[in-house]
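A structural walkthrough
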Amino acid sequence: RGENPIDSVSFNYLFLGNPGTGKTTIARLMGKMFKILGLLPDDEVFECTPKDFVTGFTGQAGKKTMEKLELSRGGVLFIDEAYQLNPNRGGPYMTEVVDELC
């Protein structure tokens, strides 16, 4: 239809399901699909957990988050157990992480 797919495709997804239901596999497949469609230059998936964003020092979680975003630029950032980013579950440093991600 002459539309540029980058204008109509969302690049943020939430995969829900019990362990072992294929969430990581789907993220990898979407990376490959986006690369084939020319929406991403690379299909590499950067897997991490909320613990990977925490440094133990106030003010550093935001910086660590930006480092993860830069590292994954052009590919797929997959945050396993992302529900732990909720500060009520993962602790006060998660507020910094969520602020950077949003």
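Computed from a predicted model, the values in this text were never measured in an experiment.

Comments concerning the pairing of strand β1 (residues 45–48)
- In this sheet, strand β2 (residues 76–79) lies alongside β1 in parallel orientation, the contact comprising four bridges. Following the sheet pairing, V45 is matched in β2 by V76.

A few points about the packing of aromatic side chains
- Summed over all chains, the structure comprises three aromatic pairs.
- An aromatic cluster is defined as three or more aromatic residues linked by ring pairs; in this entry it consists of F11, Y13, F15 and F34.

Observations regarding the pattern of salt bridges
- Tallied over the entire structure, the rule returns three salt bridges.
- A salt bridge links E47 to R28, with the shortest nitrogen-to-oxygen separation between them at 2.6 Å. Residue E47 is located in strand β1, and its partner R28 is located in helix α1 (residues 23–36); the two are separated by 19 residues in the primary sequence.
- Assessed through its relative accessible area of 45%, E47 is described here as partly exposed.

Re the nonpolar core
- Counting eight residues, the largest nonpolar core is built from A27, M30, F34, L39, L40, V45, V76 and F78.
- Where this core is concerned, the elements lending two or more residues are α1 and β2.
- By residue number, the principal contributor to this core is α1, which donates three residues.
- Apart from residues no more than four positions distant in its own chain, A27 is found in contact with F15, V45, V76 and F78.
- The next biggest cluster of nonpolar side chains, apart from the first, holds seven residues, and it includes C48, F53, M94 and V97.

The rules behind these values
- Residues numbered from 1 in each chain as written.
- Predicted model: local features only at pLDDT ≥ 70, side-chain atom pairs only at ≥ 80, totals over all residues.
- Heavy atoms only, no water.
- Pairing = 2+ DSSP bridges.
- Helix = DSSP H or I, 4+ residues; strand = E, 2+ residues; numbered from the N terminus.
- Phe/Tyr/Trp six-rings, centres within 6.5 Å; stacked < 30°, edge-to-face > 60°.
- Salt bridge = Lys/Arg side-chain N within 4 Å of Asp/Glu carboxyl O.
- Buried < 20%, exposed > 50% of the residue type's maximum accessible area, 1.4 Å probe, protein only.
- Core = buried A, V, L, I, M, F, W, Y, C linked by side-chain atoms within 4.5 Å.
- Contact = heavy atoms within 4.5 Å.

Shape is all these values report; function is a separate question.
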